[in-house]
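A closer look at the structure
Residue strings, one per chain:
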Amino acid sequence: MAKVLTLLTTIRNNWKKSVLGIAAFSYGISYGKQTYDTEQLMRQCCENVAKYGDSSCPTNIRPRHVTVVLNPAAKKRKAKKLFQKYCEPLLHLAGISVTIIDTQSGSHARNVIMNLEVPTDAIIVGGGDGTLSDVITGLMRKYKNSLHSVRQCPIGILPLGSRNTIASIFYREYTDLTDIHHMIDATMAIIKNNFKSIDAIEIKLLKDDPDNPIKPIYAVDGIEWGAWSDTHARIDKYWYWGPLRKYAAYLFNGYKSNLNWKCNALMKYTNPCKGCSCCYSKNSYNQSSNLNKRWWHAFLPKRQIFTLDNPVDYSKVINVDCGIFHEMPISTTELCIKTDNINVPVQSTPSLKITLGPENISYATFVEKGWKKEINNELPINSVLDAKTIELHPETNGDRMFYIDHEEYELKPIQIRLLPQSITIFYPELNN
């Protein structure tokens, strides 16, 4: 009893050192437990994956090969380390040959995909939304005359970026080691060959320089334009606020005049269409590559295209409203044009969802709704429209930006076209 009293007296007399020691001891215990749990999780995953690598491969089939487009700057420059620790070992154990390409910039990723000549069974994106958009842009430009070839090249998404919108659709809830579980789930989807088709959008300039044409940009999430989007893009500038930087950004930017408080534009749009003769005639060239056609094919009847997913002959379906543009002037504080990829379940008719925020808003409401956006990804909505093709003619005043998959682009008149079910991605099994 005397020793216990002496110990308590010592702790009381040296309470600062005691508190620091207890904190360090607690952190050490927590870190050790996390390290042990991580090793046990990886050990179990490696044992499960080994059976794929141990299975025999027919002599007439080459082993699977994937090309990994890795953004080393993603995840605060931890992306490469995380990939090598949690994803790459599982791919090798499964008997998959891996080629890793480190990207230096967005244009570099696009050029790598466009000039990729090595046969590969899949392209794996190790990064965030920006890297994914760059890879899809490169893939679409490479096979611009053959949408079928794009579908035949599945894309894996490893959640190694600061923002992974498409990957987050398939996240499962975990009580511990959440980020590691998500990386493992994404890798296992590649190993197990679980496929899913998603929509993409094509964005091209309406007023382009014929001498220096700019190629279209492709995305899978959508386009944002407005005050909240501008503020969200500036969050990292307030890094010295630590975990409070996202809240500080709205406090310090809500009164500034260089935000897109007034998004004024003329918007032209066509209504969604399930499929008709008009869509068939416009998109039939994309269904198969023109590389293997011969001169006599012009005298043959057009081949009707049926798939298991769409066993309908759309060449015989009539929709008089398809392709008819409707005009709508808009004035709002926030404009969002999103694909249907993030909605579960997906709507039966492919469409782009146009969301318009309020026309006017106070500083206090701007900050309040901005904070809610960072927590729940929700903004105040005044109206919602569905469309298939959109032409946006903005009124520009000064240097303004809009955001394609959260990447900055100069505000100019653009056309946004929906490409339904044009991208094939790997997705984890959610029922496990």
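Let me begin by describing the structure that accompanies this report. (Residues numbered from 1 in each chain as written. Predicted model: local features only at pLDDT ≥ 70, side-chain atom pairs only at ≥ 80, totals over all residues. Heavy atoms only, no water.)

1. Focus on a nonpolar patch on the surface
Going by this rule: Exposure above 30% relative accessible area and the lack of any salt bridge qualify a residue for a patch; like charges then connect within 9 Å, and the nonpolar side chains Val, Leu, Ile, Met, Phe, Trp and Tyr within 5 Å. Note that accessible areas follow from Shrake-Rupley with a 1.4 Å probe, and for residues the cover is restricted to the protein chains shown. One side-chain nitrogen of Lys or Arg within 4 Å of one carboxyl oxygen of Asp or Glu is enough to make a salt bridge. Counting from the N terminus, the helices are DSSP H or I runs at least four residues long and the strands are E runs at least two residues long.
Nonpolar side chains collect at one region of the surface, where W239, Y240, W241, L244, L251, F252, Y255, Y363 and W371 lie side by side and expose about 1000 Å² of accessible area between them. For the nonpolar patch, the secondary-structure elements that each account for two or more residues are helix 11 (245-253) and helix 13 (363-376). Relative to the helices and strands, F252 is located in helix 11.

2. Brief notes about the pairing of strand 13 (residues 389-394)
Every regular strand shows the same layout, with side chains that alternate between the two sheet faces. Here is the rule we go by: Exposure classes here rest on a 1.4 Å probe applied to the protein chains alone. A residue is buried below 20% of its type maximum, exposed above 50%, and partly exposed in between. Pairing between two strands is assigned when DSSP locates at least 2 bridges connecting them.
In terms of burial, strand 13 is a largely internal element, five of the six residues being buried. Relative to strand 13, strand 8 (residues 263-269) runs antiparallel, the two being bridged by five bridges. Paired with L266 across the two strands is H393, which belongs to strand 13. By the bridge criterion, four bridges tie strand 13 to strand 16 (residues 414-426) in an arrangement that is antiparallel. When the bridges of strand 16 are listed, T389 appears paired with R417.

3. Examining the state of the cysteines
We count it as follows: Our working definition of a disulfide is a cysteine sulfur pair at a distance within 2.5 Å.
What the rule picks out here adds up to zero disulfides. With no disulfide of its own, C263 lies closest to C336 among cysteine sulfurs, the gap being 9.4 Å. By relative accessible area, which is 0% here, C263 ends up buried.

4. A short note on the packing of helix 11 against helix 13
Keep this limit in mind: Axes, fitted as lines to C-alpha atoms, cover a helix only where it is in contact. Angles between the N-to-C directions of the axes lie from 0 to 180 degrees. Roughly parallel here means an angle under 35 degrees, roughly antiparallel means over 145, roughly perpendicular means 65 to 115, and every remaining angle is called oblique. The handedness criterion is simple: a crossing whose near helix is rotated anticlockwise from the far helix by less than a right angle is left-handed, and one whose near helix is rotated clockwise is right-handed. It only takes one pair of heavy atoms within 4.5 Å for two residues to be counted as in contact. Each residue gets one label: Ala, Val, Leu, Ile, Met, Phe, Trp, Tyr, Cys and Pro are nonpolar, Asp, Glu, Lys and Arg are charged, and the others, such as Gly, are polar.
One can describe the packing of helix 11 onto helix 13 by two numbers: an axis separation of 9 Å at closest approach and a directional angle of 155 degrees. In this view, helix 11 runs roughly antiparallel relative to helix 13, as classed from their interaxial angle. Helix 11 and helix 13 meet at a crossing whose hand is right-handed. The residues of helix 13 that touch helix 11, namely those facing K246, Y247, Y250 and L251, are Y363, F366, V367, G370, W371, K373, E374 and I375. Partitioned by chemical class, the residues of the contact of helix 11 with helix 13 number eight nonpolar, one polar and three charged.

5. Quick word on the packing of aromatic side chains
Two descriptors summarise a pair of aromatic rings, namely the distance from one centre to the other and the angle between the planes of the rings. For clarity, the threshold we go by: Put simply, two rings from Phe, Tyr or Trp (the six-membered ring, in Trp's case) pair if the centres are within 6.5 Å, and we call them stacked under 30 degrees between planes, edge-to-face over 60, tilted for the rest.
Following the criterion strictly, the structure yields eleven aromatic pairs and no others. Measuring from ring centre to ring centre gives 5.4 Å for W228 and F366, while their planes differ by 25 degrees; the resulting arrangement is stacked. Here F366 lies in helix 13 and W228 lies in helix 10 (residues 227-233), a separation of 138 residues in the sequence. The burial state of W228 is the same as that of F366; both residues are buried.

6. Concerning the packing of helix 4 (residues 79-93) against helix 9 (residues 178-192)
Packing of helix 4 against helix 9 leaves a shortest axis separation of 9 Å and a crossing angle of 30 degrees. Classed by the angle they form, the pair helix 4 and helix 9 counts as roughly parallel. Crossing hand, helix 4 versus helix 9: right-handed. Across the interface between the two elements, L82, Y86, C87, L90 and L91 of helix 4 pack against I180, M183, I184, T187, I190 and I191 of helix 9. Across the contact of helix 4 with helix 9, the residue classes break down as ten nonpolar, one polar and no charged.

7. Some points on the side chain of S133
Within the element layout of this structure, S133 appears in helix 6 (residues 129-142). Given a relative accessible area of 2%, S133 falls into the buried group.

8. Points about the environment of E374
The following threshold applies: The definition of a polar contact used here is a pair of N or O atoms within 3.5 Å, where within protein one atom must be able to donate a hydrogen and the other to accept one, and adjacent residues in sequence count solely through side-chain atom pairs.
Of note, E374 is situated in helix 13. Sequence separation of E374 and K246 is 128 residues, and the distance between their C-alpha atoms is 7.3 Å. If near-sequence neighbours (up to four positions away) are discounted, E374 is found in contact with H232, I235, K246 and Y250. Reaching out from E374, the side chain makes a polar contact with the side chain of H232 at a distance of 2.8 Å.

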